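Reading the structure
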Amino acid sequence: MNLILLGAPGAGKGTQAELLTKELGIPAISTGNMLREAIHNGTETGLKAKRYMDQGLLVPDDVIMGIVGDRVAQPDCQKGFILDGVPRTVAQAEALAALGIRIDHVVSIELQDAVIEARMTGRRVCGHCGASYHLTANPPKAEGVCDDCGGALTIRPDDAPETVRKRLTVYHGQTEALKDYYAQVGKLRLIEGNQPIEMVHRAILQAIEA
Ligand code: ADP
Ligand code: ADP
Ligand code: ZN
């Protein structure tokens, strides 16, 4: 089962990707997490990506397709994978198809812009494994510590309100068109994102008949 999770920044893609990984036993591939790790490690990819991410802009398609192509070729992706945050442009979707990557379902988590700011101001992410928490909606068991790996929780620099607004503009301008792209081939599944995490999870499982 090869899945794509679509949605605005803060819609809940990372949170749902983690739950689906546990439920379905297939890896989640988060380009955002991979890029943050590359920045942390000071790699060439990280250096290229950082200035775009800091401004809330998309990292160029060739950089993204390089890391995604390598990742899906790994043995643990044989039985399927969950793409979280990629593709983000029609060009990236076409590049995936050109790599021969077949997609079963595209799940778009729908959330109005007005709700997103509260999501982002409360978001905390694990600096070690990338897991996503929220101060009130999804707090860790111990304050400031990741449940999964014990890593320290951090605030993402691009979750500052002005950068979030820029990312929303980028989403509406460049990413949302993917909904039409996948609807035309009958793969789009719309999910209401403004409901508790567990209910979003169940709605996704139902939509993909897993
Ligand atoms: P969110 O889930 O909050 O939208 P992500 O962690 O997916 O954020 O992405 C953070 C940033 O990383 C984006 O603003 C963008 O700069 C970059 N990025 C992640 N995935 C992609 C992609 N597929 N194409 C281009 N840029 C990306
Ligand atoms: P994305 O990967 O789409 O940017 P995240 O999964 O990181 O989004 O979620 C953004 C923030 O909202 C996080 O703080 C997360 O804990 C919280 N969150 C995710 N899903 C829900 C939900 N259904 N209700 C309330 N808060 C949520
Ligand atoms: Zn962690």
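Every value quoted in this text rests on a predicted model; they were computed, and no experiment measured them. (Residues numbered from 1 in each chain as written. Chains lettered and ligands numbered in written order. Predicted model: local features only at pLDDT ≥ 70, side-chain atom pairs only at ≥ 80, totals over all residues. Heavy atoms only, no water.)

1. Looking at the site of ligand 1
Going by this rule: Working definition: residue near molecule or strand if any one of its non-hydrogen atoms lies within 4 Å of it. In protein, a polar contact requires one atom able to donate a hydrogen and another able to accept it; more generally it is a pair of N or O atoms within 3.5 Å, and residues adjacent in sequence count only if both atoms are side-chain atoms. Note on areas: Shrake-Rupley, 1.4 Å probe, and residue coverage restricted to the protein chains presented here. Runs of E in the DSSP output that reach at least two residues are strands. Runs of H or I that reach at least four are helices, and both are numbered from the N terminus. Under this grouping Gly is polar, as are all residues other than the nonpolar Ala, Val, Leu, Ile, Met, Phe, Trp, Tyr, Cys and Pro and the charged Asp, Glu, Lys and Arg.
Inspection of the region around ligand 1 gives 20 residues, with Thr-31, Leu-57, Arg-88, Gln-92 and Arg-167 positioned closest. Separating an oxygen atom of ligand 1 from a side-chain N or O atom of Arg-156 is a distance of 3.1 Å. The separation between an oxygen atom of ligand 1 and a polar side-chain atom of Arg-167 is 2.5 Å. Taking 560 Å² as the accessible area of ligand 1 by itself, protein coverage stands at 97%. Looking at the shell around ligand 1, the element that brings in the most residues is helix H2 (residues 31-41), giving four residues. Of the residues contributing to the shell around ligand 1, the split by class is eight nonpolar, five polar and seven charged.

2. Observations concerning the site of ligand 2
Near ligand 2 there are 20 residues, and of these Thr-15, Arg-123, Ser-132, Tyr-133 and Gln-195 occur at the shortest range. One nitrogen or oxygen atom from the side chain of Lys-13 is found 2.8 Å from an oxygen atom belonging to ligand 2. Side-chain polar atom of Arg-119 to a nitrogen atom of ligand 2: 3.3 Å apart, as the coordinates give it. For the shell around ligand 2, the secondary-structure elements that each account for two or more residues are helix H1 (13-24), strand E6 (132-134) and helix H9 (197-207). Each residue belonging to the shell around ligand 2 can be placed in one class, and the counts come to eight nonpolar, nine polar and three charged.

3. Examining the coordination of the zinc ion (ligand 3)
As a benchmark, a tetrahedral metal site with four donors has ideal angles of 109.5 degrees, while an octahedral site with six donors has ideal angles of 90 or 180 degrees. The criterion, for reference: Note on donors: an N, O or S atom is included if it sits within 2.8 Å of the metal, or within 3.2 Å for Na, K and Ca, and water is never included, so sites can look incomplete. Here the metal geometry follows the donor angles, with tetrahedral for four donors whose angles all fall between 85 and 135 degrees, square planar for four and octahedral for six when opposite donors are more than 155 degrees apart and every other angle is between 65 and 115, and irregular for all the rest. Here the term buried applies to any residue with accessible area under 20% of the maximum for its type, exposed to any over 50%, and partly exposed to those in between, with areas from a 1.4 Å probe on protein chains only.
Around the zinc ion (ligand 3), the protein contributes the donor atoms Cys-126 (SG), Cys-129 (SG), Cys-146 (SG) and Cys-149 (SG), at 2.3 to 2.4 Å from the metal centre. Angles of 95 to 115 degrees at the metal separate the four donor atoms of the zinc ion (ligand 3), which places the site in the tetrahedral class. The class of Cys-129 is partly exposed, set by a relative accessible area of 37%. Looking at Cys-146, the relative accessible area reads 3%, which means it is buried.

4. Some thoughts on the packing of aromatic side chains
Defined as follows: Aromatic rings from Phe, Tyr and Trp, taking only the six-membered ring of Trp, are treated as a pair when their centres fall within 6.5 Å; an angle between ring planes under 30 degrees marks them as stacked, one over 60 as edge-to-face, and anything in between as tilted.
Applying the stated criterion across every chain yields a total of one aromatic pair. On the numbers, 4.9 Å between centres and 85 degrees between planes, the contact of Tyr-181 with Tyr-182 is edge-to-face. Here Tyr-182 falls in the buried class, since its relative accessible area comes to 5%.

5. Looking at the pattern of salt bridges
Selection criterion: Throughout this description, the term salt bridge denotes a Lys or Arg side-chain nitrogen within 4 Å of a carboxyl oxygen of Asp or Glu.
Counted by the stated rule, this structure contains 12 salt bridges. A salt bridge links Lys-141 to Asp-147; the shortest N-O distance between them is 3.9 Å. Three or more residues joined by partner-sharing salt bridges are found here, namely Arg-123, Arg-156, Asp-158, Asp-159 and Arg-167.

6. Here's the deal with the packing of helix H4 (residues 61-72) against helix H5 (residues 90-98)
Using the following cut-off: Each axis is a line fitted through C-alpha atoms, and for a helix only the stretch in contact is used; angles between axes span 0 to 180 degrees, taken between their N-to-C directions. The sense of a crossing depends on the near helix, which, turned anticlockwise from the far helix by less than a right angle, makes the crossing left-handed and, turned clockwise, makes it right-handed. Throughout, a contact is declared for two residues whenever any of their heavy atoms are within 4.5 Å.
Two elements in contact, H4 and H5, have axes separated by 10 Å at closest approach and are oriented at 35 degrees. The handedness of the crossing between H4 and H5 is right-handed. For the pair H4 and H5, contact is made by Asp-61, Ile-64, Met-65 and Val-68 and by Ala-91, Gln-92, Ala-95 and Leu-96, respectively.

7. Focus on the side chain of His-105
For His-105, the position within the fold is in strand E4 (residues 105-110). For His-105, a relative accessible area of 12% gives the class buried. Reaching out from His-105, the side chain makes a polar contact with the side chain of Arg-189 at a distance of 3.0 Å. With residues up to four places along the chain from it excluded, the contact list for His-105 reads Met-1, Asn-2, Leu-3, Ile-4, Lys-187, Arg-189, Ala-207 and Ile-208.

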